[in-house]
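Observations on the model geometry
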Amino acid sequence: MAELGVKKEPDKGLPGLEGAKGGVVMRFAPNPNGPPTIGSARGIIINSEYVKRYGGKLLLRFDDTDPVNKRPMLEAYGWYLEDSKWLGSVPDEVVIASDRLPKYYEIARELIRRGGAYVCRCDQASFKALKDAAKPCPHRGQSPEENMALWKDMMNGNLAPGEAVLRVKTDIVHKDPALRDWAAFRIVTADHPRVGERYRVWPLLDFESGVEDHLLGVTHIIRGKDLMDSERRQRYLYEHMGWEYPTTIHWGRIKIHQFGSFSTSALRRALEAGEYSGWDDARMPTVRALRRRGIRAEALRKFMIDLGVGETDISISMDSVYAENRKIVDPEAKRRFFVKDPVPLEVEGNVPKAAKAPFHPTLNLGFRDIPAGSKLLVSGDDVTDLKAGGKLRLKDLCNIEIVAIDPLRSRVIGTDPHQAKEMKLRIIHWAPTDGVPVRVMRPDGVDTGIGEAGIRDDLDQVVQFERYGFVRIDSVAEGEIVAYFAHR
RNA sequence: GCUCCGGUAGUGUAGCUCGGCCAAUCAUGCAGGACUCUCACUCCUGCGACUGGGGUUCAAAUCCCCACCGGAGCACCA
């Protein structure tokens, strides 16, 4: 009775894709000039999410056609594969543009034959001047035969870098100057990290990407709003060739509060200048850094899917990722004591020999013993506002009253947690003097302190340092444990 | 200069295609409370938005126009 009206259900997850019923072919197409960043993760995750939803194929395509300005890194190809896999987005097929130059040449020749492209020998500045004035350059009217001959000169070395480019004919009087006769190939004699000096004519993004999307049968393209004009440019190419353009979706630029805006190239420069310890430095906005810090792929996936694919430029906070991750990690993270900036605390009276502390407050993960005694360490942050006569509870150990401040002395006034509760004592954590030195690498700096010795058993695990935050134990060396900070 | 795109709470997001179910969804954040030997987790309550102005209409977050704000392209970069 009540459901006569069709209630609009709030859209859950990603919006549907137009014409995706029979399955999709989608691609993520990075330039491998560094490891995947959080921005890359968005592309990897969203594309793969759609493929999972509609069925079909996920392609990982390396658009590595600039050996100079955005020079590829050989290691980065593997990094993308590795991080895609970790993110739960294993590609069905991997394509590397620098392997496929001959295909592009073939299409270039066909395009020339069809009169869809010409070899332009203007220098950059004078072409721009003509283009801005919506005037054709002198080479635009060359016959396909002339163009083919010049193309061969580009290929065989008769023309030097800068002396000629192949341009796709569009509409030289188009009202948007960005679309007028764009360059498809240029001469580059620099060596390429993968294929050396085998080729001297390299395609530009609009050609390479546009051609590949067709060759690979891509049905849906998701790309940045900054590439909107790319689609409009490529449509001219598709028209010359008689191809059908895929469906496109655009999204806006993404900024992250905690990292600001970043580009792979900028990060690479900073890294090479020695500002970071590596691509997985805790301060890096890379997938591998997040992984090292103990962020789970599931948290990232959920976060990215929740972001959606809007065309608005967004400025997001890692807080949401952290909130997702906290929920995943909390039930399995062992609790440990880590005392930051330790201050010695003398305790008089009957201090228990050891604390029997649960690994988890609510789940049955067992207990660990932490040796105690009359000399302990507490966090510098916890003692700043202490005064003589003040009382507090050392968690899982005993209740104390502060006797003196500098140096810090106290006496046991009981061990019963209920007493502490009745007295509404503040509860702080502590560490034994024979604990292990711990260094915590954080996005915002480094903390040092002493942790309970049991942390040595937690290599590669995500644990919670009580009242401090979640960390991943990164290394357990003789003298020091290194932890990477995930979030509070 | 030319051209294109966008503007819902602090931050994201749903709703906008086919105007009424929207005194506007969800998450995160913040505030308060419950639980708890952690400032974690969980639960409850609360805070908080349709950029502005015109127009069309019985009715506009949704359609049209203008303004303002933000982003992007006009590379032999991706």
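Residues numbered from 1 in each chain as written. Chains lettered and ligands numbered in written order. Predicted model: local features only at pLDDT ≥ 70, side-chain atom pairs only at ≥ 80, totals over all residues. Heavy atoms only, no water.

The subject of this paragraph is empty space enclosed by the protein. Under the criterion given, the structure shown has one cavity of 30 Å³ or more. When its volume is computed, the largest cavity comes out at roughly 40 Å³. For the largest cavity, the full set of lining residues is F28, I44, L58, L59, L60, S84, S89 and P91. Residue contributions to the lining of the largest cavity peak at three residues, all from strand β2 (residues 56-62). Taken together, the residues of the lining of the largest cavity sort by class into six nonpolar, two polar and no charged. (1 Å grid on protein atoms, 1.4 Å probe; cavity = no way out; pocket = protein on both sides within 12 Å on 5 of 7 lines; lining within 4 Å. Points joined across faces, edges and corners; volume = space filled by probe spheres on them. Helix = DSSP H or I, 4+ residues; strand = E, 2+ residues; numbered from the N terminus. Nonpolar A, V, L, I, M, F, W, Y, C, P; charged D, E, K, R; others polar.)

So, about the nonpolar core. Within soluble globular proteins, side chains that are nonpolar generally end up buried alongside one another. L17, I46, Y50, L87 and M318 are the most contacted members of the largest nonpolar core, which totals 44 residues. Listed by contribution, the elements that provide at least two residues to this core are β1 (24-28), α1 (38-54), β2, α2 (74-86), β9 (247-251), α9 (287-292), α10 (297-307) and α11 (319-329). Per-element tally for this core: the top contributor is α1, with eight residues. Three or more residues apiece are contributed to this core by two domains, here domain 1 (20-99 + 204-329) and domain 3 (334-487). (Core = buried A, V, L, I, M, F, W, Y, C linked by side-chain atoms within 4.5 Å. Buried < 20%, exposed > 50% of the residue type's maximum accessible area, 1.4 Å probe, protein only. Domains from an automatic or database assignment.)

To continue, consider the sheet that holds strand β27 (residues 481-487). Adjacent strands of a sheet form backbone hydrogen bonds with each other and so pair up, either parallel or antiparallel. With mixed pairing, the seven strands of this open sheet are ordered in space as β12-β25-β26-β27-β23-β24-β13. Looking along the sheet, the strands with just one partner apiece sit at the ends: β12 (334-336) and β13 (338-340). Adjacent strand axes in the sheet meet at a mean angle of 40 degrees when their direction is disregarded. Along the sheet, α11 contacts β25 (462-465), β26 (469-476) and β27; its crossing angle with β27, the most-contacted strand, is approximately 120 degrees. (Pairing = 2+ DSSP bridges. Axes fitted to C-alpha atoms, helices over the stretch in contact; angles between N-to-C directions. Contact = heavy atoms within 4.5 Å.)

Glancing now at the packing of helix α3 (residues 101-113) against helix α7 (residues 228-241). Packing of α3 against α7 leaves a shortest axis separation of 10 Å and a crossing angle of 75 degrees. Taken together, the axis directions place α3 and α7 in an arrangement best described as roughly perpendicular. Touching I107, E110 and L111 of α3 are L237, H240 and M241, all from α7. (Parallel < 35°, antiparallel > 145°, perpendicular 65-115°, else oblique.)

A word on the sheet that holds strand β19 (residues 398-404). Pairing within the open sheet is mixed, and its seven strands lie in the order β21-β18-β19-β20-β14-β17-β22. Each edge of the open sheet is held by one strand with a lone partner, namely β21 (426-428) and β22 (431-432). Note that β19 and strand β20 (residues 409-414) share five bridges and pair antiparallel. In the sheet register, I402 faces β20, and the bridge partner there is S410.

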